[in-house]
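Fold and geometry: a report
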Amino acid sequence: MAENIMTVNIVTPDGVVYDHHAKLVVLSTIDGEIGVMAHHAPIIAPLVIDEVRVRRVDKPHHEDSIAVNGGFLEFSNDLVSIVANSAERARDIDLRRAEYAKQRAEQTIKVAEEKHNVDELARAQVSLRKAVNRINVSSHRNV
């Protein structure tokens, strides 16, 4: 059984966010969603703002959800390493704060569109994607 196990590490500038043994990791790269299992071919891929789902070894019917805000994935020798600017486990997300960030981003988008401020619009759209991702991932706390 140990031959089908890999380690998953998610690291941000603030430190390690996630570190467990897993059977499967599903994540979104800029080219689409991929699943990684033990013995997968080595890969390096940039990630988009999305959820990372991890099927842990110690809880086979449980899936951990982590909100990851971009970054990159490296897989080799049965080690999944994800480096991101920020990442939060579902259980750590402050839903009220995420909903407020979503409302603030939506308001900023509206103002930026009215003023035709493309730079502010682009930043607000990224903020909105991050907030929506955190809200979606927080709903998976009890999966």
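Residues numbered from 1 in each chain as written. Predicted model: local features only at pLDDT ≥ 70, side-chain atom pairs only at ≥ 80, totals over all residues. Heavy atoms only, no water.

Considerations on the UniProt feature "domain: ATP synthase F1 complex delta/epsilon subunit N-terminal" (unreviewed entry) in the chain
Taken from the UniProt record, the annotation "domain: ATP synthase F1 complex delta/epsilon subunit N-terminal" (unreviewed entry) applies to residues 6-87. Taken end to end, residues 6-87 has its terminal C-alpha atoms 20 Å apart, with 0% of it in helix and 76% in strand. (UniProt positions renumbered as here; feature names shortened; annotations may be inferred. Helix = DSSP H or I, 4+ residues; strand = E, 2+ residues; numbered from the N terminus.)

Section: the pattern of salt bridges
With the rule as written, the count across this model stands at 10 salt bridges. The salt bridge partner of Arg53 is Glu63, with a shortest N-O separation of 3.3 Å. Residue Arg53 is found in strand 4 (residues 43-56), and its partner Glu63 is found in strand 5 (residues 63-76); the two are separated by 10 residues along the sequence. Accessibility expressed as a relative area gives 23% for Arg53, which makes it partly exposed. We note a salt bridge from Glu106 to Lys102, for which the minimum N-O separation is 2.8 Å. Here the residue Glu106 and the residue Lys102 both occupy positions in helix 1 (residues 95-115), the gap between them amounting to four residues, near one helical turn. For Glu106, a relative accessible area of 35% gives the class partly exposed. According to the relative accessible area criterion, Lys102 is partly exposed, its value standing at 27%. Salt bridges sharing common partners tie together Glu33, Arg53, Arg55 and Glu63. (Salt bridge = Lys/Arg side-chain N within 4 Å of Asp/Glu carboxyl O. Buried < 20%, exposed > 50% of the residue type's maximum accessible area, 1.4 Å probe, protein only.)

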